[in-house]
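# Geometric and topological summary
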Amino acid sequence: MPGHRQPHIVIIEDEPVTRATLTSYLDSHGYRVTEVASAEKAEAVLARDNADLLLVDINLEGKDGLQITREQRALSEVGIILISGRTDDVDRIVGLEMGADDYVCKPFNRRELLARIKNLLRRTMALRHLSRTVFRFEGFTFNVTTRALIRETGEAVRLTRAEYELLAQLVRHPAEVLGREMLAAAVTHRQEGGDPRTVDVLIRRLRSKIERDPKLPQIISTSHGEGYVFTGRLE
């Protein structure tokens, strides 16, 4: 997964062959994988290294997968997929009620599991990104709560309310083309009726404040005929 941090998946599975097979398969698809055989070992890993997704066998000895799910869900919004050797609905329903996001039964198709993992990571990471309040990019720190944009020199960049609203929309949707009408509505807080030409003016002003060369923008790019896209490198 070039250009991106590898998502960290923790596999909690006490069956060695299943654990090794899953680890090898997910590692080959670009994920950073930590494998453990028990809840206690998983807790030690999670205490020092955050996970993006947990794959949890329900039928563990000691603290089982349902208990792990309940405890981890109380702590965070990490993605959780339960794995079970049983096909009855009770485990699945209880697991989902306790906060699991998805459920697969053994024997499972690895490609199907990979698709479920990708979908869940996409959802959880999008939610996490939208809830972020501080963004660092290209030598700037942008705090959307305090509306502060600071250069790496410590100098504050003054933004008007409209410039702030526009930058906040763009940085929350990196690499995604946002239409001029949508951006106009976000800036004016109207469902419709915002003037797209206002967005063009605001983009020019923003570029003059944050781009090294506003005529060759690297942070806010134009998608001709569509709108604008945040192309700066987020840390």
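Residues numbered from 1 in each chain as written. Predicted model: local features only at pLDDT ≥ 70, side-chain atom pairs only at ≥ 80, totals over all residues. Heavy atoms only, no water.

Looking at an unreviewed UniProt entry, one finds the chain named Response regulator and attributed to Albidovulum salinarum.

This brings us to the sheet that holds strand β11 (residues 220–223). Taking strand neighbours across the sheet as the criterion, the 3 strands line up as β10-β12-β11 in an open arrangement whose pairing is antiparallel. Edge positions in the sheet fall to β10 (178–179) and β11, since each has one partner strand and no second. For β11 and strand β12 (residues 227–230), the ladder comprises 4 bridges, and the chain directions are antiparallel. What sits directly across from S223, in β12, is G227. Relative to the sheet, helix α6 (residues 161–172) contacts β10, β11 and β12, its axis offset from that of β12 by approximately 65°. (Pairing = 2+ DSSP bridges. Helix = DSSP H or I, 4+ residues; strand = E, 2+ residues; numbered from the N terminus. Contact = heavy atoms within 4.5 Å. Axes fitted to C-alpha atoms, helices over the stretch in contact; angles between N-to-C directions.)

Glancing now at the environment of R111. Tracing the backbone through its elements, the reader meets R111 in helix α5 (residues 110–131). Owing to a relative accessible area of 68%, R111 belongs among the exposed residues under this scheme. (Buried < 20%, exposed > 50% of the residue type's maximum accessible area, 1.4 Å probe, protein only.)

Overall, the coordinates contain 14 salt bridges when judged by the stated rule. The partner of K63 in a salt bridge is E43, and the shortest N-O contact between them spans 2.6 Å. With a gap of 20 residues between them, K63 in the loop between β3 (53–57) and α3 (65–75) and E43 in helix α2 (residues 39–48) connect regions that are remote in the sequence. Judged by relative accessible area, which is 17%, K63 ranks as buried. The salt bridge partner of K106 is D57, with a shortest N-O separation of 3.5 Å. Here D57 lies in strand β3 and K106 lies in the loop between β5 (102–105) and α5, a separation of 49 residues in the sequence. Each of E13, D57 and K106 takes part in a single network of salt bridges with overlapping partners. (Salt bridge = Lys/Arg side-chain N within 4 Å of Asp/Glu carboxyl O.)

What follows deals with the sheet that holds strand β1 (residues 8–12). With parallel pairing, the 5 strands of this open sheet are ordered in space as β2-β1-β3-β4-β5. Single-partner strands in this sheet number two, and they are β2 (32–36) and β5. Neighbouring strand axes in the sheet, compared pairwise and without regard to direction, differ in orientation by 20° on average. Sheet topology places strand β4 (residues 79–84) next to β5; 4 bridges connect them, and they run parallel. Paired with S84 across the bridge in β5 is C105. Along the sheet, α2 makes contact with β1, β2 and β3, crossing β1 at roughly 160°. Relative to the sheet, α3 contacts β1, β3 and β4, its axis offset from that of β4 by approximately 175°.

Turning our attention to the nonpolar core. F137, F142, L149, L166, L170 and I220 are the most contacted members of the largest nonpolar core, which has 27 residues in total. Going through the elements one at a time, β6 (134–137), β7 (140–143), α6, α7 (180–188), α8 (196–210) and β12 are the ones with two or more residues in this core. Ranked by residues supplied to this core, first place goes to α6 with 7 residues. Ignoring any residue separated from it by four or fewer positions in sequence, one finds L170 in contact with L178, L183, I203, I220, Y228, V229 and F230. Grouped together as the second largest cluster of nonpolar side chains are 19 residues, V56, I58, L60 and V78 included. (Core = buried A, V, L, I, M, F, W, Y, C linked by side-chain atoms within 4.5 Å.)

Two packed helices can be described by the angle between their axes and the distance between those axes. Axis separation between α7 and α8 bottoms out at 8 Å; the angle between their running directions is 80°. Relative to α8, α7 is oriented roughly perpendicular. Together, R180, E181, L183, A184 and V187 of α7 and P196, R197, V199, D200 and L202 of α8 make up the contact between the two elements. Each residue belonging to the contact of α7 with α8 can be placed in one class, and the counts come to 6 nonpolar, no polar and 4 charged. (Parallel < 35°, antiparallel > 145°, perpendicular 65-115°, else oblique. Nonpolar A, V, L, I, M, F, W, Y, C, P; charged D, E, K, R; others polar.)

When you tally the buried positions in β4, you get 6 out of 6 residues, the bulk of the element. Residues of β4 alternate between two faces, with G79, I81 and I83 on one and I80, L82 and S84 on the opposite face, all of them buried. A crossover connection joins β3 to the parallel β4 through α3; in handedness this β-α-β unit is right-handed. One crossover worth recording links β4 to the parallel β5 by way of helix α4 (residues 89–97), and it is right-handed. (Right-handed = clockwise from strand over helix to strand, strands pointing away.)

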